[in-house]
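Per-entry structural report
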Amino acid sequence: MSLYLKYRPRTIDELDLASVRKTLEQIVTANKVAHAYLLTGPRGAGKTSAARVLARIVNCEKNRNKLGEPCNECSACKSILNGSAVDFIEIDAASNRGIDDIRELKEKIRLAPSQLSYKVYIIDEVHMLTTEAFNALLKTLEEPPKHAIFALCTTETHKVPETIKSRCVPIQFGKASENEMKRSLSRVVAGEEKKISEEALSYLAKAVDGSFRDGVKALEIALTTTMEVDLGRMEEVVVGVAGFSAKPLAHALADKDADLALQVFRKAVLTGVNLGYLLVETMKALRDLLMEGKEVTLTKLIFALDEVASKSGTSAVPELLVEMVIIDWCGVVPKPSNFGEKNKDPKPTKIVPQSPKPEKKMAAVSHDEVWQKLLKGLNGDSLTLGALLSKATPAQISGDILTIKVGYAFHKEQIMTEKILGKLEKLLSEAMGREMKVKCEVAEAAAKMPAPSDTIDEAMAIFNS
Ligand SMILES: [Zn+2]
């Protein structure tokens, strides 16, 4: 079991954020629970952990008359902790977006709980629900049964409809302060009966930028090889490799050298440099270049990287987004005129960033309308697919098969994964009003280029380890 799961807060006192501890203490003091809570805040801030603590507070056998800390020993607490409680339901809206899940919830929620005092529903990443599913959920929230409590968790509160929000008590998870981070990380180190130096603890608390999950993950790696973590060991783990510098990447970007930038970036990811750290350091290095008067337009690039950094937690392939930013920034696109033709020049074509992007080429093919409809259908809720498709052009429809072309082999690989392809085909079928299949090809102009990340899975494995 990972240390993050092992040391998931089990009581109010163990919760990471002081403000959240206070909110739960207020619930306990008032001895009154609401029917729905909306837990909002960044990834890894401890939203579902807090929701699980809340589920035990309201169901703990010791708390029948007066709410208090959960005992974590009674059968109710234990059944929630070990996941056997049938009245404790966790739904991941990111993978269960469908109306069916919410419909099932609506049907079953009227039934009284079979073992616990309250049925508790945790819906994680609730903003991912479809409009239909939201409407069904809203009906339930409008007349919640007495025995039901909802804990809706989201990283993107602006995507949750106001009608839902207005029926929930908000619990805001801010970014953890350095002290809050140190408090929680110390608890893990002490629990493992190991030690960490004050310097190493402060360094880690700063480096993980408010994510407890990342902090504990880094600690876990550091603790496997030593009884006492010092600053050097901590740096090695956080940065991934000793002596990593973001300067070469920043310089390659400032020079708009796509090949070099992709190469440097890919190498850093493969050698295990933490992506979040890499992005922050790259932005800092770019800022330094900006201050030196290198290039004023670098601000645009810094904003683009910042956007990826803030969204990387919700993307399945964050490295890919960075690569797209690099390609966009450097103005390298596969020559649109060469799609479907033989091309003698294997080099990518450099164009100025203001030049038409490849998607403009869609006007030339007759599937423009369908494609636009499809892109619109994404509604910005699927960052990965949206990013991938913005780099693809529809080439041909033959029967029930749409052939799309992309510039790089690694884009094709990403599109052809079961998850992405399934979603794409579903959207396309909806847009066309009939069952459609998608075929993806690498545009010949770019096919001979070395793929910037043909080993992205390997990189992901390192990144996620
Ligand atoms: Zn209990």
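In case you missed it, the structure is sitting above this.
In this text, all values refer to a predicted model and were calculated from it rather than measured experimentally.

1. Thoughts on the packing of helix H2 (residues 18–30) against helix H3 (residues 47–59)
Viewed as axis vectors pointing N to C, H2 and H3 meet at an angle of 15°, and their least axial separation amounts to 12 Å. Judged on the interaxial angle alone, H3 and H2 are roughly parallel. Our pair here, H2 against H3, has a crossing hand that is right-handed. Contact residues: H2 offers Val20, Leu24 and Val28, while H3 offers Ala50, Val53, Leu54 and Ile57. Residue composition of the contact of H2 with H3, by class: seven nonpolar, no polar and no charged.

2. Looking at the sheet that holds strand E1 (residues 36–40)
Taking strand neighbours across the sheet as the criterion, the five strands line up as E2-E3-E4-E1-E5 in an open arrangement whose pairing is parallel. The open sheet has two edge strands, strand E2 (88–92) and strand E5 (169–172), and neither has a second partner. Averaged over all adjacent pairs, the angle separating strand axes in this sheet is 15°, with direction ignored. Relative to strand E3 (residues 119–124), E2 is paired through five bridges, and the arrangement is parallel. Bridge pairing links Ile91 to Ile123 in E3.

3. Quick word on the pairing of E3
A large share of E3 lies buried, amounting to six of its six residues. Residue alternation in E3 divides its side chains into two sets, Lys119, Tyr121 and Ile123 and Val120, Ile122 and Asp124, and both sets are buried. Sheet topology places E3 next to strand E4 (residues 148–154); five bridges connect them, and they run parallel. Considered in E4, the bridge of Ile122 is made with Ala151. In this view, the connection linking E3 to its parallel neighbour E4 by way of helix H6 (residues 131–142) has right-handed handedness.

4. Focus: the sheet that holds strand E10 (residues 393–398)
As summarised here, the arrangement of the three strands in space is E10-E11-E12, forming an open sheet in which the pairing is mixed. The sheet terminates laterally at E10 and strand E12 (437–442), the two strands that pair on one side only. In this sheet, neighbouring strand axes are inclined to one another by 25° on average, regardless of whether the strands run parallel or antiparallel. Inspection of the sheet shows E10 paired to strand E11 (residues 401–406) by five bridges, in the antiparallel sense.

5. Points about the packing of helix H9 (residues 198–207) against helix H11 (residues 231–239)
Their axes nearest at 8 Å, the elements H9 and H11 cross at an angle of 20°. Classified by the angle between their axes, H9 and H11 sit roughly parallel to one another. In terms of crossing hand, the pair formed by H9 and H11 is right-handed. Of the residues in H11, those in contact with Glu199, Ala200, Tyr203, Leu204 and Ala207 of H9 are Leu231, Met234, Glu235 and Val238.

6. Structural notes on the pairing of E11
Counting the residues in the hairpin turn of E10 and E11 gives two residues, including Gly399, whose phi is positive at 60°. Of the pairings in the sheet, the one linking E11 to E12 comprises six bridges and is parallel in character. Paired with Ile404 across the strands is Cys440, a residue of E12.

7. Quick notes on unusual backbone geometry
Its identity as a non-glycine residue notwithstanding, Glu125 has a phi of 50°, on the positive side. Along the polypeptide, Glu125 turns up in the loop between E3 and H6. Classification of Glu125 by C-beta neighbours within 10 Å gives buried; the count is 23. Located in the positive-phi region is Glu193, a residue other than glycine, with phi close to 55°. Counting through the fold element by element, Glu193 comes out in the loop between helix H8 (178–191) and strand E6 (195–196). The class of Glu193 is exposed, set by 7 C-beta atoms lying within 10 Å.

So, how was this worked out
- Residues numbered from 1 in each chain as written.
- Predicted model: local features only at pLDDT ≥ 70, side-chain atom pairs only at ≥ 80, totals over all residues.
- Axes fitted to C-alpha atoms, helices over the stretch in contact; angles between N-to-C directions.
- Helix = DSSP H or I, 4+ residues; strand = E, 2+ residues; numbered from the N terminus.
- Parallel < 35°, antiparallel > 145°, perpendicular 65-115°, else oblique.
- Left-handed = near helix turned anticlockwise from the far one by under 90°.
- Contact = placed C-beta atoms within 7 Å.
- Nonpolar A, V, L, I, M, F, W, Y, C, P; charged D, E, K, R; others polar.
- Pairing = 2+ DSSP bridges.
- Buried ≥ 20, exposed ≤ 12 C-beta atoms within 10 Å, placed from the backbone.
- Right-handed = clockwise from strand over helix to strand, strands pointing away.

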